[in-house]
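Each chain, letter by letter, is given below.
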Protein chains: 2
Amino acid sequence: MEIIRNFKQLVNHLKNADTKKRMAVACPHDSHSVEAIERAMKEGIADFILFGDKDKILSFPCFADKADLKIVDIKDNDEAAAAAVKAIKDKEADILMKGSINTDNILRAILNKEHGILPKGNVLSHVTVVEIPGHDKLMFMTDVAVIPYPTLEQRVQMMKYLLATCRSFGIECPKIGLVHFTEKVNPKFQNSLDYVELKNMCEAGEFGKAIIDGPLDFRTVFDKEALDIKGIKSPIDGDGDGVMFPNIESGNICYKALTYFAKAELAGLVMGAMCPVVVASRGDSVDSKFYSIAMACLLG
Amino acid sequence: MEIIRNFKQLVNHLKNADTKKRMAVACPHDSHSVEAIERAMKEGIADFILFGDKDKILSFPCFADKADLKIVDIKDNDEAAAAAVKAIKDKEADILMKGSINTDNILRAILNKEHGILPKGNVLSHVTVVEIPGHDKLMFMTDVAVIPYPTLEQRVQMMKYLLATCRSFGIECPKIGLVHFTEKVNPKFQNSLDYVELKNMCEAGEFGKAIIDGPLDFRTVFDKEALDIKGIKSPIDGDGDGVMFPNIESGNICYKALTYFAKAELAGLVMGAMCPVVVASRGDSVDSKFYSIAMACLLG
């Protein structure tokens, strides 16, 4: 498989796929979600089952004339979420997406002990993919949205999700930078100690084919010149595919700085459940929601 | 005073100033520092006293032919730093700058109980100014480099330095966003509680004329559209001048993302001592070191 280097290539890849993924959407009652779904249907990259208030759903002109659209009419948002989750469990759908229901509420349905879809021992975590104008490949990030201050155990799972995502995009040996504000390992900063563990695990082969290095500062993961000026050696050599952040604040601020000031586009998913979950938030653009659907189709 | 909106305006402002500031530089033995000093001399924005190894200093061609250059010949780096600090204490210079000496070593000279220049009760903290292509004004940040996890007491001082910097650039009523990964105040996140205190203090007039709001996500401080989409009201209204970060990781990663991927230029200073201190690091460009000198001249 050729490496997917931008979102256009991602969409083309999905259009040429033999089978289409089936998405279960909870509460597609907001125009942003609906526009993204409409676009995904037009591009023919996914089939949809919509769980929610049928009247609200059909009030969107793009849905009104679709006779073959699968709608499961449920007025209550939480019940709609539970039904969408059940569709995943019953293998009637491959991917879960939230519409205008709160993220907390859909997560509750996913985490439900009896009816949920979180395999035992798994942790839910967010993986983000960013396309930055002028940068010649996509950037993969964890975790900008779900786990505030990961433990080492959580970081191990987060790393697995991140690497799985990179590999789905065709990157055989992902290069991941463990980001900190300095290169120094210091017991005062638990993440810098955890980074050493992750590096050692990678060298012991526990993550498969991958290069993991850190602590590194964000820039030296991607900028060979900055690496050289600092006089640092890294097996990533300024050619990073992705990053693990120290904490949720740094991840969140980084992607927001990139989307606003570097005009980056992004896609994101919650991983760890039986299927990828699209949880794009109100603040995300229609493009971003569409790319998140596409990302989910690739991984689902 | 007109607001200084970019570094070019900053340099022009200094060129038109009646008096030049005097900078004491410890160990200007590296080409990056020397190039920045050379440029500051050419532009005529500052006078210099160089503390360090005279042979090393004069080995740079740009210094070799300067008969009127003030050099204090001290071979030992730490002694040179101490002498530069003494020059500040004795009011022979207005600004301190480090060359190729480690930041820790110059800080030690500043913090020295007997001979140092830290007023009692003050805290040292870093203020960064960023010029981002396409953004119509400068962005002011604290703290991307010195205090890892500020206490409320430290945040109060950091806010004062940040506001003083904004005001030196001609912003009468600075608008500062207290950045978090969400708008929600949550006792799990101490910074979000501290933010409420800072807001209250601002409303009580303790910071002078200023607008301080948060927790806000980074983007909504600068992007009115993102603010509106989220349905949030903020007195900053997407027109922020500056930000306070939750922690050093998020600040450091943010400015590195902006400099590399949004082609931003930056200047930075350590504040809190008797004078501004230029501590630009190896990784910073000559431009960045020069703009840091200029920023110090404005504040010194």
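So, how was this worked out
Residues numbered from 1 in each chain as written. Chains lettered and ligands numbered in written order. Predicted model: local features only at pLDDT ≥ 70, side-chain atom pairs only at ≥ 80, totals over all residues. Heavy atoms only, no water. Contact = heavy atoms within 4.5 Å. Buried area = accessible area lost by both parts, 1.4 Å probe. Salt bridge = Lys/Arg side-chain N within 4 Å of Asp/Glu carboxyl O. Helix = DSSP H or I, 4+ residues; strand = E, 2+ residues; numbered from the N terminus. Buried < 20%, exposed > 50% of the residue type's maximum accessible area, 1.4 Å probe, protein only. Polar contact = N/O pair within 3.5 Å; in protein donor to acceptor, adjacent residues only side chain to side chain. Axes fitted to C-alpha atoms, helices over the stretch in contact; angles between N-to-C directions. Parallel < 35°, antiparallel > 145°, perpendicular 65-115°, else oblique. Left-handed = near helix turned anticlockwise from the far one by under 90°. Nonpolar A, V, L, I, M, F, W, Y, C, P; charged D, E, K, R; others polar. Pairing = 2+ DSSP bridges. Right-handed = clockwise from strand over helix to strand, strands pointing away.

Q: Explain the interface of chain B and chain A to me, and be specific about the residues and the numbers.
A: At the interface, 34 residues of chain B touch 34 residues of chain A. Taken over both partners, the interface formed by chain B and chain A buries close to 3300 Å², and the fraction arising from carbon and sulfur atoms is 72%. On the chain B side of the interface with chain A, the three residues burying the most area are Phe181(B), Ile253(B) and Phe261(B), jointly 22% of the side's total. The tally of links between chain B and chain A comes to 2 salt bridges. Here Lys256(A) makes a salt bridge to Asp217(B), at a shortest N to O gap of 3.5 Å. Elements that contribute at least two residues to the side of chain B that touches chain A include exactly α9 (218-222), α10 (224-230) and α11 (248-261) of chain B.

Q: Tell me about the side chain of Arg155(A), and please be specific about residues and values.
A: Residue and element names in this part refer to chain A. Inspection of the secondary structure assignment puts Arg155 in helix α7 (residues 152-168). Overall, Arg155 belongs to the buried group, its relative accessible area being 2%. For Arg155, the side chain forms a polar contact with the main-chain oxygen of Pro246, separated by 2.7 Å. Excluding residues that lie within four positions of it along the chain, Arg155 makes contacts with Pro150, Asn191, Asp194, Tyr195, Leu198, Met244, Phe245 and Pro246.

Q: An account of the packing of helix α11 (residues 248-261) of chain A against α11(B) is requested, with residue identities and associated values reported.
A: Running from N to C, α11(A) and α11(B) point in directions that differ by 25°, and their axes come no closer than 8 Å. Our classification of the angle between α11(A) and α11(B) gives roughly parallel. Two packed elements cross with a definite hand, and for α11(A) against α11(B) that hand is right-handed. Packed against α11(A), whose contacting residues are Glu249(A), Ser250(A), Ile253(A), Cys254(A), Ala257(A), Leu258(A) and Phe261(A), the element α11(B) presents Glu249(B), Ser250(B), Ile253(B), Cys254(B), Ala257(B), Leu258(B) and Phe261(B) at the interface. Residue composition of the contact of α11(A) with α11(B), grouped by class: 10 nonpolar, 2 polar and 2 charged.

Q: Explain the pattern of salt bridges residue by residue, including any values.
A: Opposite charge on two side chains permits pairing when their charged atoms draw close. Taken as a whole and assessed by the stated rule, the structure comprises 42 salt bridges over all chains. Across the salt bridge formed by Asp90(B) and Lys86(B), the nearest N and O atoms sit 2.7 Å from each other. A relative accessible area of 36% means that Asp90(B) is categorised as partly exposed. Looking at Lys86(B), the relative accessible area reads 49%, which means it is partly exposed. Among the ionic contacts, a cluster of salt bridges with common partners joins Asp53(A), Asp55(A), Asp73(A) and Lys75(A).

Q: Could you give an account of the packing of helix α2 (residues 31-43) of chain A against helix α12 (residues 286-299) of chain A, with specific residues and numbers?
A: All names here are of chain A. Two elements in contact, α2 and α12, have axes separated by 8 Å at closest approach and are oriented at 50°. Between α2 and α12, the interaxial angle falls into the category oblique. Crossing geometry of α2 relative to α12 is assigned as right-handed. Contacts between α2 and α12 involve His32, Ser33, Glu35, Ala36, Ile37, Arg39, Ala40 and Glu43 from the former and Val286, Asp287, Lys289, Phe290, Tyr291 and Ile293 from the latter. Among the residues making up the contact of α2 with α12, the classes are represented as 7 nonpolar, 2 polar and 5 charged.

Q: An account of the pairing of strand β1 (residues 21-26) of chain A is needed here, citing residue identities and associated values.
A: Residues and elements named next belong to chain A. Burial analysis of β1 places 5 of its 6 residues in the buried class, the great majority of the element. The pairing of β1 with strand β2 (residues 46-52) spans 6 bridges and is parallel. Its bridge partner lying in β2, Ala24 is registered against Ile49. Regarding the hand of the β-α-β motif, the stretch spanning β1, α2 and β2 is right-handed. The pairing of β1 with strand β4 (residues 95-98) spans 4 bridges and is classified as parallel. Pairing of Met23 across the sheet is with Ile95, part of β4.

Q: Can you tell me about the pairing of strand β10 (residues 265-271) of chain B, naming the residues and giving the values?
A: Side chains on a regular strand alternate between the two faces of the sheet. Residues and elements named next belong to chain B. A large share of β10 lies buried, amounting to 6 of its 7 residues. Sheet analysis places strand β5 (residues 125-131) next to β10, joined by 7 bridges and oriented antiparallel. Its bridge partner lying in β10, Thr128 is registered against Gly268.

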